[in-house]
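Descriptive analysis of the structure
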Amino acid sequence: MMQSQEIRKQFLAFFENKKHTIVPSAPMVIKDDPTLMFTNAGMNQFKEFFLGNKKPKNSRVTDTQKCLRVSGKHNDLEEVGKDTYHHTMFEMLGNWSFGDYFKKEAIQWAWELLTEVFKVDKDMLYVTIFEGDEKEGLQRDTEAYDIWKEFISEDRILNGNKKDNFWEMGEQGPCGPCSEIHVDIRSAEEKAKVPGKDLVNKDHPEVIEVWNLVFIQFNRKADSSLEELPAQHIDTGMGFERLCMVLQNKKSNYDTDVFTPLIREIETITNSKYGKEEEIDIAIRVIADHVRAVSFAIADGQLPSNTGAGYVIRRILRRAIRYGFTFLNEKEPFIYKLVDTLENQMHEAFPELRSQKGIIENVIKEEEHSFLRTLDQGLQLLDNVIAGSKSKTISGKKAFELYDTYGFPIDLTALILSEKGFELDTESFDVELQKQKERSRKATKIETGDWHELIEDDEEEFVGYDMLQTKVKITRYRKV
Ligand code: ATP
Ligand code: MG
Ligand code: MG
Ligand code: MG
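As recorded in an unreviewed UniProt entry, the protein goes by the name Alanine--tRNA ligase, listed as coming from Zhouia amylolytica AD3. On record in UniProt, under Subcellular location (unreviewed entry), the comment for the protein is "Cytoplasm". According to the UniProt record, the Function (unreviewed entry) comment for the protein reads "Catalyzes the attachment of alanine to tRNA(Ala) in a two-step reaction: alanine is first activated by ATP to form Ala-AMP and then transferred to the acceptor end of tRNA(Ala). Also edits incorrectly charged Ser-tRNA(Ala) and Gly-tRNA(Ala) via its editing domain."

Printed below as a string of structure tokens:
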């Protein structure tokens, strides 16, 4: 069985052989982009090349990018742990052409790597091409179709809609059709029952997307019309953990050697067993996933805090702590102990985990300590609220108390309620939150008088509430 380390190396070596320069992953935590808090795709660090604002040194590059998908357009948090192939933090392997090669090579090389180097059985593969969109005046990608049919039988080339097979950076700017590669890892028996092509892009845990090849060929103008770009680009992204699952013949990313050392360690520390009971399995998967996200974020210099990216990290960690507390009966800090295993396994590809190890452990341990101090009481309060509730909808007032006094992120409260068949009234939570903001604003004004000046009514994403994609206004003050 090929180890994950080896799989990563072979991917990069393959493209190096095709004249690509191997570049390092960009940080996962983004400091200088007001539109994005975390890297969520390999292409993020190359955005300026596609926009034509900067010229690349090399026209072909390849890398593995650490990504986090917990906010904004790509938010997979709710799936993580429940399914077996979405993570918060994951590696995206990619190859890029900046005005160099285009569809033909991108498709040919993806096929060559998967079927010849990695020896994936062709009968497990399906590909999708963009079917076109009349309303939008977008053509079917017959070019991609014609290239694909040289490699794969035509009944395995499927049409995909705009949502899955047309990529746009934003309202304006570079965009284009994409082709995705999907792998059907079901048993022969299952395959006989339902054809794989009916399950592509249907959230089936064993018919999953592994690689997305984006063909950037248009520019969307301000009036929303499209023009052909003078230079065409390739942007691809393959989920590393999913690739490992396929190559290691597993049914779940968590059964690959990317995750098994962490899972074994969780079993040992918490005296639990993975693979017996669904509730416990979810908890173990969540913890194995979240410790990676939090560790990589801290290694990037992002500590848990009460605002912005720091609050996202705090939210992820508190979510993991609660899963450990409720389902694995862990009442003392233990997640920090997993950092050692993670570092051991990943430091070769990501040396920052080694150099920052001590800090990562201390920060996680401290955060576990502080949340565990109030978690038990908070959970009891929530139990009482549920017991006393006549309705299936719980008022945001109580959720606000949990947030304010016990440090429960709002999405954690919503998650716990949903486990018990209840719902949270998020609107009344919002009202409470606004009231608090008013109070603290007034307090600041009274307390400091002329010493504070209002600099701007800065609209900032309030990430504690980001699950609902709501923007809340936060007023910032500066000392003058
Ligand atoms: P999916 O449809 O499975 O959610 P996607 O279409 O959102 O994936 P892309 O944006 O096309 O994903 O990203 C490129 C590749 O990254 C995907 O083909 C997949 O292999 C991988 N990937 C995407 N999201 C995740 C995730 N949350 N965890 C692990 N791998 C992921
Ligand atoms: Mg997705
Ligand atoms: Mg998809
Ligand atoms: Mg995709």
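Attention shifts here to the overall build of the protein. Helix and strand counts for the protein come out as 16 helices and 17 strands. Radius of gyration (C-alpha) of the protein: 24 Å, near the 23 Å computed for a compact globule of 480 residues. Expressed as a percentage of the 480 residues in the protein, the buried residues total 42%. Contacts spanning at least 24 positions in sequence make up 70% of the contacts within the protein whose residues lie at least 6 apart.

Right, let's talk about the pairing of strand β6 (residues 125-130) for a bit. Most of β6 is tucked away: six of the six residues are buried. Every second residue of β6 is oriented toward a common face, with Leu125, Val127 and Ile129 on one face and Tyr126, Thr128 and Phe130 on the other, all of them buried. The pairing of β6 with strand β9 (residues 173-184) spans four bridges and is antiparallel. Each bridged residue has a counterpart across the sheet, and for Leu125 the counterpart in β9 is Val183. By the bridge criterion, four bridges tie β6 to strand β7 (residues 157-160) in an arrangement that is parallel. Note that in β7 the partner of Ile129 across the bridge is Asn159. Tracing the backbone out of β6, into helix α4 (residues 142-148) and back to the parallel element β7 gives a crossover that is right-handed.

Moving on, we get to the pairing of strand β10 (residues 207-220). The two faces of the sheet receive side chains in turn, since in a regular strand these alternate between them. Counting buried positions along β10 yields 11 of 14 residues, so the element is predominantly enclosed. The pairing of β9 with β10 spans 10 bridges and is antiparallel. In the strand pairing of β10, Ser179 is matched with Leu213. Strand direction decides the pairing type here: β10 and strand β11 (residues 226-239), joined by nine bridges, are antiparallel. For Leu213, the partnering residue across the bridge sits in β11 and is Thr236. Here β10 hands over to β11 after five residues, with Ser224 in that stretch at a positive phi of 75°.

Turning to the site of ligand 1, a few remarks are in order. Surrounding ligand 1, one finds 16 residues, the nearest of these being Asp76, Phe90, Asn212, Gly237 and Gly239. Counting only elements with at least two residues in the shell around ligand 1, the list comes to β5 (89-98), β10, β11 and α7 (240-247). The element contributing the most residues to the shell around ligand 1 is β10, with four residues. A breakdown of the residues in the shell around ligand 1 according to their chemical character gives six nonpolar, five polar and five charged.

Further remarks concern the nonpolar core. Counting 108 residues, the largest nonpolar core has Ala110, Ile287, Ala288, Val291, Val294 and Ala320 as the members making the most contacts within it. Among all residues touching Val294, those that are not within four sequence positions of it are Ile313, Ile316, Leu317 and Ile364. Counting residues in hydrophobic clusters, the runner-up holds 15 residues, among them Ile394, Phe400, Phe408 and Phe429.

Partitioning the protein into structural domains gives domain 1 (4-253), domain 2 (267-385) and domain 3 (435-479). When each unit is reduced to the centre of its C-alpha atoms, the spacing between domain 1 and domain 2 is 30 Å. Of all the elements in the fold, those that place two or more residues in the side of domain 1 that touches domain 2 are α1 (4-17), β2 (60-68) and β3 (70-71). With three residues, β2 is the single largest residue contributor to the side of domain 1 that touches domain 2. In the side of domain 1 that touches domain 2, the residues fall into nine nonpolar, six polar and three charged.

Here is what the cut-offs are and how they apply
- Residues numbered from 1 in each chain as written.
- Chains lettered and ligands numbered in written order.
- Predicted model: local features only at pLDDT ≥ 70, side-chain atom pairs only at ≥ 80, totals over all residues.
- UniProt positions renumbered as here; feature names shortened; annotations may be inferred.
- Helix = DSSP H or I, 4+ residues; strand = E, 2+ residues; numbered from the N terminus.
- Rg over C-alpha atoms; globule rule 2.2 N^0.38 Å.
- Buried ≥ 20, exposed ≤ 12 C-beta atoms within 10 Å, placed from the backbone.
- Contact = placed C-beta atoms within 7 Å.
- Pairing = 2+ DSSP bridges.
- Right-handed = clockwise from strand over helix to strand, strands pointing away.
- Near = placed C-beta within 6 Å.
- Nonpolar A, V, L, I, M, F, W, Y, C, P; charged D, E, K, R; others polar.
- Core = buried A, V, L, I, M, F, W, Y, C linked by C-beta atoms within 7 Å.
- Domains from an automatic or database assignment.

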